[in-house]
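The residues making up each chain are set out below.
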Amino acid sequence: MAVSSLRWFLVLLGTRFPCTPEGVDTLVRAAEEDLTRFFARDKLEGEATFRGQDFTYLYAVERSSDRGGAVYLEAEAWDGKAWISRRVGQFTLNEVKWNVADCVCKVSLKPADDYQALLEAWEKPVNVLAYTGARVSSSTNLRELGIYTNAESGGITDGTALEFRRIDKGQEGDVAGTDGWAVFLRSSSWISGTLTHGGVRERMLLLFRLVKRNVPMVLDDDGVTYLPVDLTATGWEVYSDDRTVTPPVAHYVKPPQIAGFKPYEITHYNDWSRKYGAEILLLPCGAASPGTDYVQVTGPDGVNLGGEEGANNEPECPTCLNVREQVNRTNCKSLWWRFGRFRFTRGIPLLEALNHVLRGTLPRLAPTLAADLSQHFSAATSYATGANPAANELPGLLVAAASDVKRYNVSDPARKLKLTLKQFVEDLCTMYDCGWFIDGNGKFRIEHRSLFAPDPDTTVDLTGGPAAGGPNEYEYLQALLPRKEVLSITNAISEESASVNFREAAIEYEPAETNTREDENTSTRTVTKLTGDVAGMVLSGDALPDDALVVLAPGPGGLLRQGNRPVSAAQLVRRYHRFGRVKLTATVNGEPVVFAGLRPQRKQAAFVAPLCDLSALPYGVTVHTSLSRVATLQQARWNMASGQVEVTPLLPPLTGLGPATGLPGTPKQFHTGQFNQDQFA
């Protein structure tokens, strides 16, 4: 039923009075283009012009001490039975353009909704560590983080290893600082002499480094030469290679950058047991491990964690260190370092942290229970992946200050880490392919993209009326069809493998039916504050900022699931970025994957729908047009004076098509001899 009349009201200093604005009859409901926003907003189209008495009222307030408040514009439409009222916009007098001579003022109105209030506040920094609820502990170990030691049974030939090496003090200048070697321990303790032999100072240095072995090389553009992968962005440098295998492999090294680490200094024999407490232990040669908290610096058979010479290279103690008190006495000991297990005791449940920041930003949007923020992050069974309670890590996610993860054993934890709701929400949505909105109860929500997939069972039919579902005209949205989509996490450096890359995950499609134009063929989404790279924090903490927020994924007993790999960029994309893709088949970091849903890729020409207002067109509604039964809406324009609603549908991709048929033959019109054959070679 068409609207037959429209009237307007200004709400000024709490008083509502009629007005006659010009140029703002149309209300546009448009879906937000930001991929982390799952809502549409109603905005008045154009600029409102006020004259005469309207100007007089507004200018009177402009010239008063009360000019700082908001002014609201309300519209009432008559549908034949009743006046339907809605607040359609707001502005402040600072935003008005004044023409005092002609008694005219003009202003572009903002939406008068909770979204406007939130967006104006959500860059306010909030200290997430001021959360007063209970903290939750979690833990992991070197093996779970993908770091191995050759002191373990059988040794390791692939992956990342921690190596140690013993050298003489005189070699420090030549060896330390090269090939990834950094100083781990210096010993200059006094070794007592005898009647016939004077005492001496110990000259032992222990070095350590990280090694990444057997990384396959890649073919150069010439298709013949193999080149090592460039890992310098994450600190790795090529140390050696092996071209006897196919494909050839390269070995990389880098120094550990453990936050707060300083080389151990042994200046007296008693320092081994007294100076560092239980951080380093000297045990009898061949003794069993003192526990999972420790890694063995010395190794079996004279080989230490893959070191070229090993940390135990004296013949008197082929598998241990000769830690002598007297020059003529052998004292073989195995050395252990408490760096095998890491306990993080300051975790905050993810949704509790988010609700804390929300309360510090706009309290009225925060639910009483943090779990009500998100079904996606709180439900035992994941609606996005189908993972059962045992496999679904989302309800147990924690966040912790990067400084507390890097310096996991300090007694004085971080007390301040400020971030904005905008940073928190956009990073979280980008990682898990979610979006945020304000629900029907006026509360903030964050849910997964799959919740808004088109539903053919709840379709609004737009095929009636004179337009009959719109013209059979459409165009492709090239910006939505990149050949490559990248998830990049700024505060991450670990790249264990293609499927466990914390720093980056790249979806690549076959070029057909994608946008392959230069500078348009790649879409990148970046996470700037959150990260899941626990290995990077523990082993290379000095390369990462203290004010990052680490997302932890503990399982039963608090042990991080697979060394926190579920929060790596590659795993996030493979598990959660499965809907709204360009194509159903692609590769993620070179490994094949099949996705679950596609995004709209075409825009149908706008047409007038058989509707009299916007009430049937909420965000995410599925509509039936002449070109699709499962279209969605880019926007709807409601002319409140005429009651006419114009819609612009978005169409799903064309799928399940067979080969082209019925094409005419192509007669030979030119002789090839007319052309330079080289241009067709």
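Think of each chain on its own: its residues are numbered from 1, step by step along the sequence as written. This being a predicted model, a pLDDT of at least 70 is required before a residue's local features are given, and a value of 80 or more before pairs of side-chain atoms are given or counted; all residues contribute to the totals for chains, interfaces and linings. Only hydrogens and water are set aside when side-chain values are computed; all heavy atoms of the structure are taken into account.

Asks: In this structure, what is going on with the overall build of the chain? I would like to understand it.
Replies: Helix numbering and strand numbering both begin at the N terminus, where a helix is a DSSP run of H or I of at least 4 residues and a strand a DSSP run of E of at least 2. Secondary structure assignment for the chain yields nine helices and 45 strands. Think of it in three bands: residues with accessible area under 20% of the maximum for their type are buried, residues over 50% are exposed, and the middle band is partly exposed, with areas taken using a 1.4 Å probe on protein chains only. By the burial criterion, 48% of the 681 residues in the chain qualify as buried. Note on contacts: a residue pair is in contact if any heavy atoms of the two residues lie within 4.5 Å. Residue pairs at least 24 apart in sequence account for 69% of intrachain contacts in the chain once pairs closer than 6 positions are excluded. Working convention for charge: Lys and Arg count positive, Asp and Glu count negative, and His plus the chain ends are omitted. For charged residues, the charge sits on one atom: NZ in Lys, CZ in Arg, CG in Asp, CD in Glu. Side-chain charges in the chain split into 69 positive and 79 negative, and the spacing between the mean points of these groups amounts to 5 Å.

Asks: Is there a simple way to explain the sheet that holds strand β1 (residues 5-12) in this structure?
Replies: Think of a sheet as strands paired side by side through backbone hydrogen bonds, with each pair either parallel or antiparallel. The pairing criterion for strands is at least two bridges between them, as found by DSSP. Taking strand neighbours across the sheet as the criterion, the four strands line up as β2-β1-β6-β7 in an open arrangement whose pairing is antiparallel. Of all the strands in the sheet, just β2 (15-19) and β7 (83-92) have a single pairing partner and so form its edges. The sheet shows a mean angle of 25° between the axes of neighbouring strands, taken without regard to direction. Pairing between β1 and β2: five bridges, direction antiparallel. What sits directly across from F9, in β2, is P18. Here an angle of 0 to 180 degrees is reported between the N-to-C directions of two axes, which are lines fitted to C-alpha atoms, with helices fitted over the stretch in contact. Packing of helix α1 (residues 52-62) onto the sheet brings it into contact with β1, β2, β6 (70-78) and β7, and relative to β1 it is tilted by some 15°.

Asks: Any chance you could explain the sheet that holds strand β8 (residues 97-99) here in plain terms?
Replies: Strands sit in the order β5-β9-β8 across an open sheet of three strands; the sheet is antiparallel. For this open sheet the edge positions go to β5 (48-51) and β8, each flanked by a neighbour on one side alone. Each strand axis lies, on average, 15° off the axis of its neighbour in the sheet, ignoring direction. Note that β8 and strand β9 (residues 104-107) share three bridges and pair antiparallel. Paired with K97 across the strands is K106, a residue of β9. Its contacts with the sheet put α1 on β5, β8 and β9, and the angle it makes with β5 is roughly 95°.

Asks: Where do I start with the nonpolar core in this structure?
Replies: Nonpolar side chains in soluble globular proteins tend to end up buried together. Only buried Ala, Val, Leu, Ile, Met, Phe, Trp, Tyr and Cys residues count toward a nonpolar core, and they belong to the same one when joined by side-chain atoms within 4.5 Å. Residues L354, F377, F424, Y432 and F444 are the most contacted members of the largest nonpolar core, which totals 67 residues. Here the element with the most residues in this core is helix α7 (residues 421-432); it accounts for seven residues. Those residues in contact with L354, other than ones at most four positions away along the chain, are L373, L421, F424, V425, L428 and I446. Counting residues in hydrophobic clusters, the runner-up holds 51 residues, among them A400, A535, A548 and L560.

Asks: Any chance you could explain the state of the cysteines here in plain terms?
Replies: To count as a disulfide, a pair of cysteine sulfur atoms needs to be within 2.5 Å. This structure, assessed with the given rule, holds two disulfides. Shown here is the disulfide that connects C285 with C320, its sulfur atoms set 2.0 Å apart. Given an S-S torsion of about 85°, the disulfide between C285 and C320 has right-handed geometry. Within this pair, whereas C285 is found in the loop between β23 (280-284) and β24 (295-296), its partner C320 is found in the loop between β24 and β25 (321-322), the two being separated by 35 residues in sequence. Under the relative-accessibility criterion, C285 is labelled partly exposed at 36%. Across a sulfur-sulfur distance of 1.8 Å, C317 and C332 are joined as a disulfide pair. Sign of the S-S torsion, about -80° for the bond between C317 and C332, identifies this disulfide as left-handed. Of the two residues, C317 sits in the loop between β24 and β25 while C332 sits in strand β26 (residues 332-337), which places them 15 residues apart along the sequence. Once the disulfide-bonded cysteines of the chain are ranked by sequence position, their pairing pattern turns out to be 1-3, 2-4. No disulfide involves C103; its sulfur sits 9.7 Å from the nearest other cysteine sulfur, which is in C105.

Asks: Would you mind going over the packing of aromatic side chains with me for this structure?
Replies: For any pair of aromatic rings, geometry is given as the distance between the ring centres together with the angle between the planes. Planes of paired rings set the category: under 30 degrees apart is stacked, over 60 is edge-to-face and the rest tilted, where pairs are Phe, Tyr or Trp rings (Trp by its six-membered ring) whose centres lie within 6.5 Å. Inspection of the entire model under this criterion finds 33 aromatic pairs. Between F17 and Y57, the ring centres sit 4.4 Å apart and the planes meet at 70°, which makes this aromatic pair edge-to-face. Within this pair, whereas F17 is found in strand β2, its partner Y57 is found in helix α1, the two being separated by 40 residues in sequence. One aromatic cluster is present, built from ring pairs that chain together F164, F184, F208, F261, Y264, Y276, W337, F339, F342, F344 and Y408.

Asks: Sorry if this is basic, but what is going on with the side chain of D271 here?
Replies: Its place among the elements puts D271 in helix α4 (residues 271-274). One buried charged side chain, D271, makes no salt bridge at all; its nearest oppositely charged neighbour is K275, positioned 4.4 Å away. The residues touching D271, leaving out its near neighbours within four places in the chain, are E265, I266 and Y276. Whenever a carboxyl oxygen of Asp or Glu lies within 4 Å of a side-chain nitrogen of Lys or Arg, that contact is scored as a salt bridge.

Asks: Mind showing me how you'd approach α7 here?
Replies: Helical periodicity: at 3.6 residues per turn, an α-helix aligns residues three or four positions apart in one direction. If you check α7, its first and last C-alpha atoms are 16 Å apart, about what twelve residues at 1.5 Å a residue would give, namely 16 Å. Where burial is concerned, most of α7 is hidden: ten out of the twelve residues are buried. Among all positions in α7, only L421, F424, V425, E426, D427, L428, C429, T430, M431 and Y432 are buried. Just downstream of α7 lies D433, where phi reads positive at about 50°. What a helix should span is 1.5 Å times the count of its residues minus one.

What is shown is where atoms sit, not what they do.
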